[in-house]
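The primary structure of each chain is shown beneath.
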Number of protein chains: 2
Amino acid sequence: MIQKKRYKLTLSYDGTHYSGWQVQSNGISIQSLVQKSLETALRHPIDLTGSGRTDAGVHARGQTAHFDTSASFPLPRLLLSLNALLPPDIRVLRIDEVSPTFHARYTATGKTYHYHLHLDRIADPFTLPYCFHVYDRLTLEDLRRATPLFLGTRDFTSFANEAHRGSASHDPIRTLRRFDVVEQPGGLRLELEADGFLYKMVRNLVGTLLEVARGKIAPADVEAIFAARDRRRAGPAVPPHALFLMQVNY
Amino acid sequence: MIQKKRYKLTLSYDGTHYSGWQVQSNGISIQSLVQKSLETALRHPIDLTGSGRTDAGVHARGQTAHFDTSASFPLPRLLLSLNALLPPDIRVLRIDEVSPTFHARYTATGKTYHYHLHLDRIADPFTLPYCFHVYDRLTLEDLRRATPLFLGTRDFTSFANEAHRGSASHDPIRTLRRFDVVEQPGGLRLELEADGFLYKMVRNLVGTLLEVARGKIAPADVEAIFAARDRRRAGPAVPPHALFLMQVNY
């Protein structure tokens, strides 16, 4: 009997030109390109499982995925082959052999996302495509003071869009461990870390935080938004092009 | 009589999608878009003079240009208008009123260019479009030791392509003041500073330096390449997408 082994991929990609991680009817998905490259390199069908999907236009610097194969090959050579087969805006950073009990999605213990806000009126043409350029006047003290209001183990239903996956609704309880505001040239970076995120949760949390910083939602109303369990009560989602999946923890 | 005033623009642009700074028959030039935006904002024809051209695909973080106008306007508002009129990959960073004797090209005393080399086999998808990915094995000690061979006040004819401007040949004497090698994540940045650069001179100098680091040109041959005053003796030009005009000094 041939022994199958499990491998973990760590990936970085510029999501600008893709329909997202997961296979979609419209547009090209990152998962499908990585899977095809593996199939070309290993010469057999591959079932590639990601840590979760990223939406159209969202980027990654540390997306993870796993696959099984009984093929034997030197890992450094497979790494080079995959990167030669993939377009330059998708890169495999690492391949590691992992235990057969490892699962990119189910054994993940947490994820970190970054969201980039550009606040200066004049922007750098090289970072602008990866930032949300906010022209409104924001009260940054309110923004900084409001982030702790979202932390903790909570029902995040008000900050989750319905997924179009046809599956039954998921458990909406998540633990947001970190929601930090970090200054960077031209603006701010929001760093969010949780045990997991519901569909569009990062973009809805950032959008709601911006409404607080614009004075349109009072910090005292955040509790009521959580309690309502109603997506319509929270702020609008911010656009995808400024969002980066930075790390998946196991 | 209406008093004309002279203004200096400082510009940053991603040259990926343009045919270069100067108006060309094929493709859209950066100069033409900036000039049109000025004409829209100021409502009269504008003659925009750049510090010099950048080739198709070359980027800038500190290109300069000047124009004259008798229109009166608040500079901060014009800055915002121009950036609203321009595509996001071209940004006006500053507008300053300058003396009528200022000339973007003729009063410039020097320029600084950066050239980015990616040397690791695995590249970051976000910086890769702005680096030259060198797959050959380079001897970095040779590269570092060779840069001083190009410094000084020299006849750079061997490192200049013929310009297709129909004008008479220029003085080929330039003073290369700095040719530094700076480590950065994934590779190296070459920093070149001179009183001026001949056509494609930066890309030809970097291409020749790479031939030294590949062992194809001996450091001792650099003097003979200068003396030959023959473009064919030097190394091939490196591609434009890794070149940035960083600063024009006055």
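These numbers come from a predicted model, not from an experiment.

Student: With reference to specific residues and values, describe the overall build of chain A.
Tutor: Scanning chain A from terminus to terminus reveals 5 helices and 10 strands. Its C-alpha radius of gyration of 19 Å places chain A within 12% of the 18 Å reference for a compact globule of 250 residues. For the C-alpha atoms alone, the extent of chain A along its principal axes is close to 65 × 40 × 30 Å.

Student: Lay out the relation of the copies chain B and chain A with the relevant residues and their values.
Tutor: Once turned by 180° and shifted 0.0 Å along the axis, chain B lies on chain A with an RMSD of 0.0 Å. Such a turn and shift between the copies fits a two-fold axis. When C-alpha positions in chain B are compared against the rotation axis, the closest is assigned to Phe126(B), at 4.9 Å. Taken together, the interface assignments show that 100% of the residues at the interface of chain B recur at the interface of chain A, consistent with an identical surface on both copies.

Student: Please provide a residue-by-residue account of unusual backbone geometry, values included.
Tutor: All names here are of chain A. You will see that Arg43, though not glycine, has its phi angle at about 65°, which is positive. Following the sequence through the fold, Arg43 ends up in the loop between α1 (30–42) and β2 (49–50). Residue classification places Arg43 among the exposed residues on the basis of 9 C-beta atoms within 10 Å. At Lys200, a residue that is not glycine, the phi angle is positive and equals roughly 60°.

Student: If you had to explain the interface of chain B and chain A to someone new, which residues and values would you point to?
Tutor: The partner chain A presents 18 residues to the 18 residues of chain B that form the contact. Those elements that place two or more of their residues in the side of chain B that touches chain A are β1 (5–13), α2 (75–85) and β4 (90–98) of chain B. Classifying every residue of the side of chain B that touches chain A by side-chain character gives 11 nonpolar, 2 polar and 5 charged.

Student: If you had to explain the packing of α1(A) against helix α2 (residues 75–85) of chain A to someone new, which residues and values would you point to?
Tutor: All names here are of chain A. Between α1 and α2, the shortest axis-to-axis distance is 9 Å and the interhelical angle comes to 125°. Put simply, α1 runs oblique to α2. Relative to α2, α1 is oriented so that their crossing is right-handed. Here α1 contributes Ser37, Leu38, Thr40 and Ala41 to the contact with α2, which in turn contributes Leu78, Ser81, Leu82 and Leu85.

Student: A description of the pairing of strand β5 (residues 110–118) of chain B should follow, citing residues and the corresponding values.
Tutor: Residues and elements named next belong to chain B. Counting buried residues in β5 gives 7 out of 9 residues, a clear majority hidden from the surface. Bridge count between β5 and strand β9 (residues 187–194): 8 bridges; the pairing is antiparallel. Counterpart to His116 in the pairing with β9 is Arg189. Note that β5 and strand β6 (residues 132–133) share 2 bridges and pair parallel. Note that in β6 the partner of Leu117 across the bridge is Phe132.

Student: Go over the domain arrangement of chain A, please, and point to the residues and values.
Tutor: All names here are of chain A. Per the domain assignment, the segments making up chain A are domain 1 (5–98) and domain 2 (110–249). Put simply, the middle of domain 1 and the middle of domain 2, counted by C-alpha atoms, are 27 Å apart. Taken together, the contact between domain 1 and domain 2 spans 13 residues of the former and 10 residues of the latter.

Student: Give a description of the environment of Gly152(A) that names residues and reports values.
Tutor: Residue and element names in this part refer to chain A. As for its placement among the helices and strands, Gly152 is situated in strand β7 (residues 152–155). For Gly152, a count of 11 C-beta atoms within 10 Å puts it in the exposed group. Between the alpha carbons of Gly152 and Asp230 there is a distance of 19 Å; along the sequence they are 78 residues apart. Beyond its immediate stretch of four places on either side in the chain, Gly152 contacts Thr175 and Leu176.

Calculation criteria
- Residues numbered from 1 in each chain as written.
- Chains lettered and ligands numbered in written order.
- Predicted model: local features only at pLDDT ≥ 70, side-chain atom pairs only at ≥ 80, totals over all residues.
- Helix = DSSP H or I, 4+ residues; strand = E, 2+ residues; numbered from the N terminus.
- Rg over C-alpha atoms; globule rule 2.2 N^0.38 Å.
- Least-squares fit on C-alpha atoms with pLDDT ≥ 70 in both.
- Contact = placed C-beta atoms within 7 Å.
- Buried ≥ 20, exposed ≤ 12 C-beta atoms within 10 Å, placed from the backbone.
- Nonpolar A, V, L, I, M, F, W, Y, C, P; charged D, E, K, R; others polar.
- Axes fitted to C-alpha atoms, helices over the stretch in contact; angles between N-to-C directions.
- Parallel < 35°, antiparallel > 145°, perpendicular 65-115°, else oblique.
- Left-handed = near helix turned anticlockwise from the far one by under 90°.
- Pairing = 2+ DSSP bridges.
- Domains from an automatic or database assignment.

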